[in-house]
Amino acid sequence: MVELRAQWADLVPGSASLADELVARYVERNRRAYRDQYLAVVLTALDSFIQLSTDPTSVRLAAWFHRAVHEPGGTPSEDAEASARLAEQFLPQYGVPPIRIAEVARLIRLTGDLAAPPPDAYAPPRRDANGDVLLDAVNAILAADPSRYAVHTAEVRRDASDRKVALEHRYDEVRELLDGHLYRTQLARQRLGPVARVNLESELAGLDSELPAPWRGWQQAALTATATFTAIAAAVVAIAASGASWQTPAAQDEAGWPPIALAVLSFFSAPILFRCARSASQRARLIAGAVLAIAVTGLLVAWAQAPRTNVAVGVGLRVPLMISALLLLLIASAAALVASLLRTRTARFLPARNLGQQLAWLAAPVAVALALLLIIQPLSRGYVLSSNERVEGTPGQAGKATPSVIDGSVAWVSESVAGTGAEEAIGTRYGIAIPRPSGVVEMLDAATGELRWRYSRSDSDEKPVIAATGNGDYVLAQFADVGYLLLDANTGERKAAWPGRTRDRFIQQSQPLLTGDRSGKLHGVDPSGHERWTYDAGNCTDLGAIATAETVVTFVSHTCDDRPDEMAALDVQSGKKLWTKTSDTYRRPVIVAGLVVVAEPGGDSDVPAALTAIEPRTGDVRWRWEVPRTWSCRTLLNAAGKYLIVVDCPGPSSLENRKTIVTAIDANTGLTAWQTQAPVSPRVKVTVTADGRVISLDRGATSCVANVISQTGFRQVRLPTGISCNRDPRAVGNLVLTSGTGTVIALR
């Protein structure tokens, strides 16, 4: 205290009592911060800079007074204002001129805003030599000995009313100081600046350990992680693009180097963008901007070079993959550029690792991976699907088919459908769908045979496999290398494309829709490809199924052991198991009037021992119809309304046998409704109409003849020329279709 008193000297003549008053204020017992040691540091530093001031006396007086009034928990501005008023009260008593008193009060009030970054000292808006010197002296405590500085900061925090609030306020204040000029004068910057920054950085590190800051710095970490992992994802997508073609069919002179070059660029960009995101230098921003410019240029070039589709040429998968890779590289470079622009000189004082930053680094690769799986892959496939498809025709009202009476005339002949025939036709609510080579599905009007619409794909050169589903509202078409597409049977528009997990399955039954896979599982699927349930019969099983509108009946054979075969019933909507029972190996299941009819094995013969009707909801046997032992051909079972139509031969199975027997069994009672025997070879392919007629084609002397076996007996009808006898007929409801030379012919 004596040394402090000695620094007053003769600052104001005859003011010894004023000096004692001021010293007493700095050492009073209730003061916890800004004590005499603090004032000594300020006055000592002031001696080094005082020559830069224009009024040394006023500056010294302001230094003595600037913390003469201090209340615990008070702010610097409050202390400065109260201290300035104290100076204005005391100094007139010692003959200090009013002009000097005003200057002292002004300087004291300047110390109330020390934390704000000062203006640029090289181009100040207004010169204030006295203020600069005083504020640099007051801030000299920042460059004190580390132990002295630690004591000072501890006193300041202990002086605050709320410790947590004080820590947060001090953290922001230190960050603000480090981000600006610590001192106003060049002399103070040279002498005190380096030590002050070390002290502030040490204090900031200590505050980081005391403050709960689990999320601080997550934005910078997220941007850096995004730049790094998105660039890696761009390399992965570019590598995938190298294995795809730019167009379909692939051109022989197609260049293969662009995706490889993009993959290499993206791979090496990942570490470069990582460093750019962590740097605020101009060089880092230029590099990130250059990568951004390359990505934008590549996008424009790829978009301009995308092939124009037509019937013969389609877009390959490389196009969307290359565009996706370039977009990812653009996002990576943009993230690095933004991180570099937002990064300040204080960013290096962020905690090295905290919860927010760790979560950001974990979330970024997860988000990128999810984007690849859930966004880029579906969008790429959707782009290829939509770019390579076209629908022709403007379908109007669908006509109603007139049942074929088979009188030897033709109802209609379609336009050319080369490469296909009637045997591949399927019936829908809006007409007859025909698959054609080169990825085409056509819908013919059932009343006239005219084309209603044509769906074609440029990226498929094989005949699709089609099935009617959704009660005839949709056509489910499987295209090679594309998968299953759901087409609206009325308009031909694509309603859905089956997702990757279902498009490679085989159709077990189309109405209601069941699918199977190579692992032996059965799936209940909506027409859109959405899976409702999965039934797993276990390893080493051979699984088959058939379904009514409400129930699925499965047939399970165990292939690795001697366990008996099983039947199980599932709810068609939920997949819930309704019942299960052991059974013999049943064959040829068919749905008739809501019942599941199966053929009981008859030993080594293709002729079953009996036909059994099972109630699907309960598993009960409704009836059993024994097959005559004299039958000897492969027994065919077909549903026709409430009747089960059974086709077989009544005599020994031999080339000489020229007889076919057709039996209609009432599905409700299991009794024979009618039976007709006809002189027709049992080896010809037959089709069954909805009203129970069994129809086949045979070669006559000059043209084809139609064999019609029904409840009323047997008849042969000579057909017009042009109908192919060696191709199978097809019944769609009661309309009978045959094949011509590149046409489909409906019989009247």
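Residues numbered from 1 in each chain as written. Predicted model: local features only at pLDDT ≥ 70, side-chain atom pairs only at ≥ 80, totals over all residues. Heavy atoms only, no water.

1. Details of the overall build of the protein chain
Of the regular secondary structure elements, the protein chain holds 16 helices and 35 strands. At 46 Å, the protein chain has a C-alpha radius of gyration far larger than the 27 Å of a compact globule built from 748 residues. Structurally, the protein chain occupies a C-alpha span of about 145 × 60 × 45 Å along its principal axes. Evaluated residue by residue, the protein chain yields a buried proportion of 49% over its 748 residues. Contacts in the protein chain between residues far apart in sequence, at least 24 positions, make up 58% of those at least 6 positions apart. Split by element, the accessible area of the protein chain, about 34,900 Å² in all, is 54% carbon and sulfur. For the protein chain, the centre of its 76 positive side-chain charges and the centre of its 75 negative side-chain charges are spaced 2 Å apart. (Helix = DSSP H or I, 4+ residues; strand = E, 2+ residues; numbered from the N terminus. Rg over C-alpha atoms; globule rule 2.2 N^0.38 Å. Buried < 20%, exposed > 50% of the residue type's maximum accessible area, 1.4 Å probe, protein only. Contact = heavy atoms within 4.5 Å. Areas by Shrake-Rupley, 256 points an atom, 1.4 Å probe, with all protein chains shown as cover. Lys, Arg positive; Asp, Glu negative; His and termini not counted. Charge placed at Lys NZ, Arg CZ, Asp CG, Glu CD.)

2. Observations regarding a negative patch on the surface
Together, Asp-113, Asp-162, Glu-168, Asp-172, Glu-176 and Asp-179 make up a negatively charged patch on the protein surface. Along the polypeptide, Glu-176 turns up in helix α9 (residues 163-178). (Patch = residues over 30% accessible without salt bridge, like charges linked within 9 Å, V, L, I, M, F, W, Y side chains within 5 Å. Salt bridge = Lys/Arg side-chain N within 4 Å of Asp/Glu carboxyl O.)

3. Observations concerning helix α7 (residues 129-138)
Most of α7 is tucked away, with nine of its 10 residues classed as buried. Inspection of α7 places Asn-130, Gly-131, Asp-132, Val-133, Leu-134, Leu-135, Asp-136, Ala-137 and Val-138 among the buried residues, and these make up the whole buried set.

4. Details of helix α6 (residues 98-110)
With 13 residues, α6 should reach 18 Å at 1.5 Å per residue; the first-to-last C-alpha distance of 19 Å fits that figure. Here the buried face of α6 lies against α4 (56-65), α5 (76-90) and α7. (Expected span 1.5 Å × (residues − 1).)

5. Comments concerning the sheet that holds strand β12 (residues 494-497)
Sheet strands line up and pair through hydrogen bonds in the backbone, either parallel or antiparallel. As summarised here, the arrangement of the four strands in space is β9-β10-β11-β12, forming an open sheet in which the pairing is antiparallel. Two strands bound the open sheet, and with one partner strand each, they are β9 (465-469) and β12. Between one strand axis and the next, the sheet turns by 25 degrees as a mean value, whatever way the strands run. As paired elements, β9 and strand β10 (residues 474-479) share five bridges and run antiparallel to each other. Bridge assignment links Thr-469 to a residue of β10, and that residue is Tyr-474. (Pairing = 2+ DSSP bridges. Axes fitted to C-alpha atoms, helices over the stretch in contact; angles between N-to-C directions.)

6. Considering the packing of α5 against α6
Packing of α5 against α6 brings their axes to within 8 Å, and their N-to-C directions diverge by 165 degrees. Our classification of the angle between α5 and α6 gives roughly antiparallel. The element α5 and its partner α6 pack so that their crossing is right-handed. On α6, the residues that touch Ala-80, Glu-81, Ser-83, Ala-84, Arg-85, Ala-87 and Glu-88 of α5 are Ile-101, Val-104, Ala-105, Ile-108 and Arg-109. (Parallel < 35°, antiparallel > 145°, perpendicular 65-115°, else oblique. Left-handed = near helix turned anticlockwise from the far one by under 90°.)

7. Considerations on unusual backbone geometry
A cis amide bond, omega -5 degrees, links Gln-511 with the succeeding residue Pro-512. Mapped onto the elements of the fold, Pro-512 is located in the loop between β13 (506-510) and β14 (513-516). Residues other than glycine seldom take positive phi values, yet Ile-406 does so here, at roughly 60 degrees. By relative accessible area, Ile-406 is classed as buried at 2%. Backbone geometry at Ser-438 places phi at a positive 65 degrees, although glycine is not the residue there.

So, to be careful, I would describe these as geometric facts and stop short of saying anything about function.
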